[in-house]
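A closer look at the structure
Read off the chains here:
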2 protein chains.
Amino acid sequence: MTMDARKFRILQAIIDDYILTAIPVGSRTISKKYEMGLSSATIRNEMSDLEELGYLDQPHVSAGRIPSAKAYRLYVDQLLKNGSIRTGDAADVRAYFTNRAQQMEDVISRAAQVLSGLTHYTSLVMSPKGAELRIRTLQLVPVSSQSALLVIVTDGGIMRDSVIRVGSDMDADALYAVSRTLTERLGGHTLSEALALIKETERDMRAERQVLSGVAEFLDAVDSEGGKAKLTLGGASNILNFPEYSDVEKAKCFLSVLETKEKLLKLMENHGEMAFTVRIGPETGIPELEDCSLVTATYRLSDNTHGTIGVIGPTRMQYGRVLSVLSAMGKQLTDLLGQDKE
Amino acid sequence: MTMDARKFRILQAIIDDYILTAIPVGSRTISKKYEMGLSSATIRNEMSDLEELGYLDQPHVSAGRIPSAKAYRLYVDQLLKNGSIRTGDAADVRAYFTNRAQQMEDVISRAAQVLSGLTHYTSLVMSPKGAELRIRTLQLVPVSSQSALLVIVTDGGIMRDSVIRVGSDMDADALYAVSRTLTERLGGHTLSEALALIKETERDMRAERQVLSGVAEFLDAVDSEGGKAKLTLGGASNILNFPEYSDVEKAKCFLSVLETKEKLLKLMENHGEMAFTVRIGPETGIPELEDCSLVTATYRLSDNTHGTIGVIGPTRMQYGRVLSVLSAMGKQLTDLLGQDKE
DNA sequence: GTTAGCACTCGACCTTAACGAGTGCTAACA
DNA sequence: TGTTAGCACTCGTTAAGGTCGAGTGCTAAC
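Cut-off values and rules
- Residues numbered from 1 in each chain as written.
- Chains lettered and ligands numbered in written order.
- Predicted model: local features only at pLDDT ≥ 70, side-chain atom pairs only at ≥ 80, totals over all residues.
- Heavy atoms only, no water.
- Pairing = 2+ DSSP bridges.
- Helix = DSSP H or I, 4+ residues; strand = E, 2+ residues; numbered from the N terminus.
- Axes fitted to C-alpha atoms, helices over the stretch in contact; angles between N-to-C directions.
- Contact = heavy atoms within 4.5 Å.
- Buried < 20%, exposed > 50% of the residue type's maximum accessible area, 1.4 Å probe, protein only.
- Buried area = accessible area lost by both parts, 1.4 Å probe.
- Salt bridge = Lys/Arg side-chain N within 4 Å of Asp/Glu carboxyl O.
- Polar contact = N/O pair within 3.5 Å; in protein donor to acceptor, adjacent residues only side chain to side chain.

Comments concerning the sheet that holds strand E7 (residues 231-234) of chain B
All names here are of chain B. Here we have five strands laid out as an open sheet, ordered E7-E3-E10-E9-E8, and antiparallel in their pairing. Each of the sheet's edge strands pairs with one partner strand only, and the pair in question is E7 and strand E8 (276-280). Between one strand axis and the next, the sheet turns by 20° as a mean value, whatever way the strands run. One ladder, built from four bridges, connects strand E3 (residues 122-126) with E7; its direction is antiparallel. Paired with Met126 across the two strands is Leu231, which belongs to E7. Along the sheet, helix H6 (residues 104-119) makes contact with E3, E7, strand E9 (292-302) and strand E10 (305-314), crossing E3 at roughly 155°.

Regarding the pairing of strand E8 (residues 276-280) of chain A
Residue and element names in this part refer to chain A. The buried count for E8 comes to five of five residues, which makes it a mostly enclosed element. Relative to strand E9 (residues 292-302), E8 runs antiparallel, the two sharing five bridges. Counterpart to Ile280 in the pairing with E9 is Ser293.

Thoughts on the interface of chain A and chain B
Contacts between chain A and chain B engage 41 residues on the former and 42 residues on the latter. Between chain A and chain B, roughly 3,600 Å² of surface is buried when both sides are summed, and carbon and sulfur atoms account for 51% of that area. Counting every contact that joins chain A to chain B gives two salt bridges. We note a salt bridge from B:Arg180 to A:Asp173, for which the minimum N-O separation is 2.7 Å. Where chain A packs against chain B, one counts 14 residue pairs in polar contact (both at pLDDT 80 or more). Those elements that provide at least two residues to the side of chain A that touches chain B are helix H6 (104-119), strand E4 (135-142), strand E5 (147-154), strand E6 (159-165), helix H7 (172-186) and helix H10 (248-259) of chain A. The dominant element in the side of chain A that touches chain B, judged by the number of residues it contributes, is E4(A), at six residues.

Printed below as a string of structure tokens:
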């Protein structure tokens, strides 16, 4: 037995219906609602075949069928292959960004809001990995006699900052001089590269040793943290709108995964070369999310700097719509934050 | 009929028990568990009186009593009057801050985590109101030929930043010169005051008009936003651990109030002159939170700059513990972020 | 003023029964 | 050979009835 065109059409109808209603789909529903020109008995036979092929599950014998992860996979692959991603959401997305925020952080949190608002799922927006960012300017701003604020401007205007200790004999002018030198030497390099460069620089500038080691310490911290890509969530409580999470225990489980962001970060960092990555149920690799799907896309700051955006919700997800919104949002963020935004 | 010492003792026992168990408290429970030396019948009579006085509610006739908002109010007032706030939590709080983060933002999000972790409720940490912060240093960092990053270091190391447009003829040195002048003129003033001062400055420095108006624009934005005190949440999903929120609808309601932070911000800004503010049920003024209590405390950056921390949970809250943890956390934050931290 | 006793209330929980959506199978049909 | 009508069967859902027990209010005795 093999998957033919009719089986696929029926499977698609079942998935569409289940995504819409969250109710196991029976043969009669398909026969009547989706005008197949086939009786429920025929559908029943096909459904039985589809179950044997692993595309459908049956919660219990007297209920309809629900799509398996394998079915969603097929469905999504089809969606991606056809390139049938609508573009109508682009306008919606743009509309929400009217009052153009200027700070990276604002743009990111706004993006998370818009994503969750448009999709009704939980959204995830990840800033680019710190270690990959290229330094544009580096400046030390005096804070007190003993300390200075290290400001690093990078691609896309993202800013990393930290208070570091400086020798007490550094006034504003001295700090500025160091800043100029450092910008000259480190500009254009990634934070990781800068860490290596600064060691060399340390030899030339004995007087400013303490400052340099402060900067080095910070770069090291950023580097070892794997870049501390920051993850912003939106609409976490949206999950409660779905009947599959009317059980409080399940909801709690989902939300606690969101709160410890590490696992999610790892998942999102593994975004492949594709425009989209769709992880369905067990494909997430996180047991607590085996009934969830995660769809991610990227936005670009420069050639080799990118961030990731995503949407997480039940496997029964409106993949088409989500892909379309993510696509629009990715473009929008690239526009707003990308290198040539001037 | 009036409230006497014995009634109060019984009421206290009822509240303690209900806070612990969330189960309506019966007369027998009090008589046996709390060694009053009184029979259940006597307790029953007293409880009937307490109900008439408005301190107790009865979900239905054959259930025990639960404390009313009025009862919690009495209970909390007693707690505050006695000054019986334990200090044992100070050590716990400090322990969680071992790896001292240096950025304000990190400290704040860590504080939210610690608060929700120690109390098992949802925590709120509000940064100080922007408009009240005093400028320490102000510096422009070049970002591109057309724009610069405005960095403002304020009390407690908080930093406000924004990208502003500058004339194309400003190189790094020119920006630095402007920065020095601005720091000289605006340093020590609040952001609100600075807005007025910069208008005057604008006359003296015609050449740098564009930069100044950029700075002014930013200050204006901060000012008109009411300072955009930022609210950080911790442990939002903790609420699902409480039986009163095992109903998903209620939980959804609670979480959506948290997500639109405005109402909460307003509430937290209204923190009075007291060390603590406790708002019980309807006292919050937010209908969705009529079964919740909000306890807030402050921390200080300088004499007239403070932020607010708080905990929100069911009215059936462990007020004693929460007050103690908040007290410890307030001190800790004042230590970490306060003016004289060097 | 306190307490034992008792009738009463009412939600929680269990059992049972009816219902119906949906299935698998068989036999008839084109 | 594929399709379909028919039918017995399954099993979760819902409603109804019944028991249980925690808790109350009241009364009368101490």
